[in-house]
Each structure stands twice: as structure tokens, then as C-alpha cells.
Amino acid sequence: MAGLNLRTTVRKQTLVFVVAVLMIIFGFAEVVTGFAHDFVGLVTAADALTTIMGVGLGLCYVAGGTLLLWFTRRTVLAAVLLLLVDILGRIAMTLSGMYPVDTPKQVIGIVGGTVAAVIFAGIAFWKYRVLSRIRGSKDNWGANNPLP
């Protein structure tokens, strides 16, 4: 029975690790899109405000993914907050016309990216709730349960 608990713990930690790595990769993709205004066929408006917002949101995504790797309550909560900034920023950029929605590919890219961020935020928030239930888990989750 104890082996099952260990396997479950490793599986859950692996999920959070994969989410963190994907957040970092997707964040760098947002940074590239912010500077280039075109990334794998998805475009943004080519002005200074769009560049600043796109790069800023991408950096929030990268920072959130990096913080999620630490597995402490504080860093996981910060990662969730940074993901919320990214999600709200994407919505604001779409509503203000910085993300054009004139083609189905654009719409699918924007919606898919935002849904991925929402899923990642949900997984990170679940991790925060798990850490909050563990007595004395302020900063020792990673030390007691290292990644596989």
C-alpha cells in the first residue's frame, strides 16, 4: 500500500513538473511573438504597446513556470497569480484588438493558448491547496519529496 502512495506522489509531482516546463516553453513563445509580431502564423498588432504587453505576458508565463518548479506554497501561489495576469492580459489584448481575430487559425490559437493557461493555473492552484494542507510545508515540499 505504501508503494502505491509513493507512485501517486511521484506521478503528481511529474505532472506539476511537466506543467512548469510547458509554461516556460509557451512563455518564451509569447516573448518571441511579442517581438516578431508573427510566430507560426499567429500574429499580433505591430505597435509598441503590443510589443510591451506581449513580451510582459510572456515573461509572466516564464516566471510562473520557473516559480512552480520550487514546489513551495509561496512560489506556487505566485505562479498562480502570474498565470492569472497572463490570462487577463490575453483577454485584454484580444478585446483591444492587439490580437486580431480575423481568421479561424488566430481564434483557435488565442482560445487554445488561453485555455492551456487556465488549465495550468488550475493544476498549480490544486498543488497550492495540497501544500496548504500539509503541516509544516511552508518551504519543505521539494526537500522532502524531490522530483523523480
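As a starting point, this report considers the structure included with it. (Residues numbered from 1 in each chain as written. Predicted model: local features only at pLDDT ≥ 70, side-chain atom pairs only at ≥ 80, totals over all residues. Heavy atoms only, no water.)

Here the focus is the environment of Leu77. You can see Leu77 is positioned in helix 3 (residues 73-95). Once the C-alpha coordinates of Leu77 and Phe125 are considered, the two residues, 48 residues apart in sequence, prove to be 7.1 Å apart. (Helix = DSSP H or I, 4+ residues; strand = E, 2+ residues; numbered from the N terminus.)

Right, let's talk about the side chain of Arg90 for a bit. For Arg90, the location among the structural elements is in helix 3. Given a relative accessible area of 9%, Arg90 falls into the buried group. Within polar-contact distance, the side chain of Arg90 engages the side chain of Glu30 at 3.0 Å. Aside from chain neighbours lying at most four places away, what touches Arg90 is Glu30, Leu57, Tyr61, Tyr99, Ile110, Gly113 and Thr114. (Buried < 20%, exposed > 50% of the residue type's maximum accessible area, 1.4 Å probe, protein only. Polar contact = N/O pair within 3.5 Å; in protein donor to acceptor, adjacent residues only side chain to side chain. Contact = heavy atoms within 4.5 Å.)

Turning our attention to helix 4 (residues 104-133). Relative to the 44 Å expected for 30 residues at 1.5 Å per residue, helix 4 spans 43 Å between its end C-alpha atoms, a close match to the ideal helical length. Taken together, the buried positions of helix 4 are Gln106, Ile110, Gly113, Thr114, Ala116, Ala117, Phe120, Ala121, Ile123, Ala124, Lys127 and Leu131. (Expected span 1.5 Å × (residues − 1).)

Now for the pattern of salt bridges. In total, this model carries 2 salt bridges according to the counting rule given. Here Arg90 and Glu30 are joined by a salt bridge, their closest N and O atoms 3.0 Å apart. On the criterion of sequence distance, the pair formed by Arg90 in helix 3 and Glu30 in helix 1 (residues 2-36) is long-range, its members being 60 residues apart. The same class applies to Arg90 and to Glu30, which are both buried. Where Arg90 meets Asp86, a salt bridge forms, and the shortest distance between an N and an O atom there is 3.2 Å. A residue pair is termed a helical-turn pair when its members lie 3 or 4 positions apart in one helix, as Arg90 and Asp86 do in helix 3 at 4 residues. Considered together, Arg90 and Asp86 belong to a single accessibility category, that of buried residues. A single network of salt bridges, built from pairs that share partners, joins Glu30, Asp86 and Arg90. (Salt bridge = Lys/Arg side-chain N within 4 Å of Asp/Glu carboxyl O.)

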